[in-house]
Amino acid sequence: MKERLKTLALIANVLLMAALFALSASISIGVSPNMGPLYAASRWLRGESAPIQPVKESIPSAAYPIRLTAVHGQKELSAALTRQEISPHYEQIRSTLEEALSSAQPPQQISSRQYWRLLTEKGAFLLEYDGYPPLYALRAWAGGGESESFDLNFNRLALIAGQEQATLALEDQEGNYWACDTAAGGRRVQEALDQWPADGSLFARDAAGCQTLADEEILPDRRVTLPLYDASAPAVVAATVSGGETPRALLECFSMNPYLAKRYTAGDGAAVFVQGSFVLRIYANGRLELSVDEGEGLAGDAAAPPGSRAQAVALIDKTRSVAAAAMNAGGAPMDLSLLSISPLSEQGDYTIVLGCQADGASIVDLEVKASVKKGLIVRMEITVLALEQTGESVLLPARQAAAALDPEIRQARLYPRYRWQEGRLIPYLSYQIEKREP
């Protein structure tokens, strides 16, 4: 009997050693997803279990307006242009906006004249976004169902008051206008408008000397003041590139196990960390590049159908949460907002782009990019910056900026932005040309 027990114990030890060897090898070489429990166990050991967990965000929308205007009538406006100004008014209408988005009927195309009448005759909140987020994403964040009818990219969305129900109206990326009936209360929109009186702002069409601007461009009746910042790579990045300790918090943001990742210095000076099929490159200027192969990557909601809009929205959320975590880990938090997502393919391949903002103003050429293949994020590019306020800058008034534009320009729009230049974030009033007259 004792000999039989010894034999069984020996067999058990051999099997255990074989299993441990296989799992140990899988940490370095990766395991195919088709290998079931062994694949799951190897991901756990490598610290890569996080990507298959559903995304849960406390913030319902990854798209935040860069300008919010209350339209009381054609010549009675009030405008908010910085995050500090926008936030209280946006929070006041947020629940009504989400109800309108979630209950919206399929968009119906309307004329520019109909759009203008809706905007100015009934009263509305006009939300403007940087870039062109898709309507289906905002609808999903508000709890609405999936539908091809909402495949419209836009950067201006109006929440319009009414006697009974509120209406949504928007201008898409091609310059077409659309309206959606909703089940949201129109009177609640009017009540919010009543609490934000006109401040002297005007549409460009009603202001003299502004022929270079789009008719619907907003001219605030005041100057905009934004902070000046010194902007440089966070200390943790500089220490990592110079050969310091492993940046554990940064690696964990990308679902990498800092205790198992291998490290080396690339020829271009980047600090490179490798764990299985995950590779993270950290550059001295704060740039982080993640690449993943062998059929793995960062995932969103595992329950979302492959190639669906629901999966795309989950991956937008995943991109934002990873980028925000990396910025926080570097001690350099910034606001992030969806700029664009390329058309979805049946294979689940597309590109997600988020913009970085400081005080609600977009930072030019500072973006978060995520490449998606087969429903997995296989590449991410992020730049983390540590900001230190050094003062304030008063921007050029909108009417003076309009007068300074080339007189041949038409349909221009003005936005406060930051330029990252020589280690500083410098605010300025930028102009964006939508089209020129023939």
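None of the values given here were measured: they were computed from a predicted structure.

Some remarks on the overall build of the chain
For the chain, the count of helices and strands is ten helices and 21 strands. Counting over 438 residues, the chain shows a buried share of 51%. For the chain, the exposed area adds up to about 20200 Å²; of that, 51% sits on carbon and sulfur atoms.

Some remarks on the pattern of salt bridges
Applying the stated rule across the entire model yields 24 salt bridges. Residue arginine 117 is joined to glutamate 121 by a salt bridge in which the shortest nitrogen-to-oxygen separation is 3.5 Å. Highlighted residues: arginine 117 and glutamate 121, both in helix 4 (residues 112-121), separated by four residues, approximately one helical turn. Taking the relative accessible area as the measure of exposure, glutamate 121 reaches 56% and is therefore exposed. Arginine 417 serves as the salt-bridge partner of aspartate 130, at 3.2 Å between the closest nitrogen and oxygen. A residue pair is termed long-range when its members are at least 10 positions apart, and aspartate 130 in the loop between strand 4 (124-128) and helix 5 (135-141) and arginine 417 in strand 20 (residues 412-421) qualify at 287 residues. Bridged by salt links that share partners, the residues Arg67, Glu128, Glu216, Glu217 and Arg413 form one connected network.

A look at the nonpolar core
In this structure, Phe254 and Ile352 are the most contacted members of the largest nonpolar core, which totals 107 residues. The dominant element in this core, judged by the number of residues it contributes, is helix 9 (residues 309-329), at eight residues.

Overview of the pairing of strand 7 (residues 177-185)
Burial runs high along strand 7: seven of the nine residues are buried. Pairing geometry for strand 3 (residues 108-110) and strand 7, over three bridges, is antiparallel. Across the sheet, glutamine 108 pairs through a bridge with alanine 179, a residue of strand 7. By the bridge criterion, six bridges tie strand 6 (residues 165-172) to strand 7 in an arrangement that is antiparallel. Residue pairing across strands places leucine 168 opposite cysteine 180, the latter belonging to strand 7. Counted between consecutive antiparallel strands, the loop separating strand 6 from strand 7 contains four residues, among which glycine 175 sits at a positive phi close to 90°.

Focus on the side chain of threonine 240
Position of threonine 240 among the secondary structure elements: in helix 7 (residues 235-241). Taking relative accessible area as the criterion, threonine 240 reaches 1% and is therefore assigned buried. Leaving out residues up to four positions away in the same chain, threonine 240 has contacts with Glu245, Pro247, Arg263, Ala271, Phe273 and Ile282.

Notes on the sheet that holds strand 6
Pairing within the open sheet is antiparallel, and its seven strands lie in the order 2-1-4-5-6-7-3. Looking at strand neighbours, the two that pair on one side only are strand 2 (76-80) and strand 3, the edges of this open sheet. The mean inter-strand angle of the sheet, taken between neighbouring strand axes irrespective of direction, is 25°. Bridge count between strand 1 (residues 67-73) and strand 2: five bridges; the pairing is antiparallel. By the bridge assignment, alanine 70 is partnered in strand 2 with serine 78. Its contacts with the sheet put helix 6 (residues 186-194) on strand 1, strand 4, strand 5 (154-160), strand 6 and strand 7, and the angle it makes with strand 7 is roughly 95°.

What to know about the packing of helix 3 (residues 83-103) against helix 6
Helix 6 packs onto helix 3 with a crossing angle of 160° between their chain directions and a minimal axis gap of 10 Å. One finds that helix 3 runs roughly antiparallel with respect to helix 6. For the element pair helix 3 and helix 6, the recorded crossing hand is left-handed. The residues of helix 6 that touch helix 3, namely those facing Gln92, Ile93, Thr96 and Glu99, are Arg188, Val189 and Ala192. Of the residues contributing to the contact of helix 3 with helix 6, the split by class is three nonpolar, two polar and two charged.

Notes on unusual backbone geometry
Backbone geometry places glutamine 411, a non-glycine residue, at a positive phi of 60°. When you line up the elements, glutamine 411 lands in the loop between helix 10 (398-404) and strand 20. A positive phi angle, near 50°, is found at glutamate 422, a position not held by glycine. As for its placement among the helices and strands, glutamate 422 is situated in the loop between strand 20 and strand 21 (424-433). Judged by relative accessible area, which is 78%, glutamate 422 ranks as exposed.

Overview of the environment of threonine 69
Locating threonine 69 in the fold gives a position in strand 1. The spacing of threonine 69 and leucine 127 is 58 residues in sequence and 6.7 Å in space, taken between C-alpha atoms. Every residue in contact with threonine 69, bar those within four places of it in the chain, is listed here: Leu77, Ser78, Ala79, Ala124, Phe125, Leu126, Glu128, Trp196 and Ile218.

Quick notes on helix 3
In helix 3, a bend of some 50° at arginine 94 exceeds every other bend along the element. Residues of helix 3 that are buried: Arg83, Ile86, His89, Tyr90, Ile93, Arg94, Thr96, Leu97, Ala100, Leu101 and Ser103.

Here's the deal with helix 6
Within the span of helix 6, buried status applies to Gly186, Val189, Ala192 and Leu193. Looking straight down helix 6, one finds its buried side chains confined to an arc of 120°; they lie on one side. Projecting away from the buried face of helix 6 at angles above 90 degrees are the exposed residues Arg187 and Asp194. On its buried face, helix 6 sits against strand 1, helix 3, strand 4, strand 5, strand 6 and strand 7.

A short note on the packing of aromatic side chains
This model, assessed by the stated rule, comprises six aromatic pairs. One cation-aromatic arrangement involves arginine 205 over tryptophan 116; the distance from NZ or CZ to the ring centre is 4.0 Å. The residue whose ring lies beneath arginine 419 is tyrosine 428, and the NZ or CZ to ring-centre distance is 4.1 Å.

Quick notes on the rules
Residues numbered from 1 in each chain as written. Predicted model: local features only at pLDDT ≥ 70, side-chain atom pairs only at ≥ 80, totals over all residues. Heavy atoms only, no water. Helix = DSSP H or I, 4+ residues; strand = E, 2+ residues; numbered from the N terminus. Buried < 20%, exposed > 50% of the residue type's maximum accessible area, 1.4 Å probe, protein only. Areas by Shrake-Rupley, 256 points an atom, 1.4 Å probe, with all protein chains shown as cover. Salt bridge = Lys/Arg side-chain N within 4 Å of Asp/Glu carboxyl O. Core = buried A, V, L, I, M, F, W, Y, C linked by side-chain atoms within 4.5 Å. Pairing = 2+ DSSP bridges. Contact = heavy atoms within 4.5 Å. Axes fitted to C-alpha atoms, helices over the stretch in contact; angles between N-to-C directions. Parallel < 35°, antiparallel > 145°, perpendicular 65-115°, else oblique. Left-handed = near helix turned anticlockwise from the far one by under 90°. Nonpolar A, V, L, I, M, F, W, Y, C, P; charged D, E, K, R; others polar. Bend = angle between axes of the 7 residues up to and from the residue. Arc of directions from axis to C-beta. Phe/Tyr/Trp six-rings, centres within 6.5 Å; stacked < 30°, edge-to-face > 60°. Lys NZ or Arg CZ within 6 Å of the ring centre and 35° of its normal.

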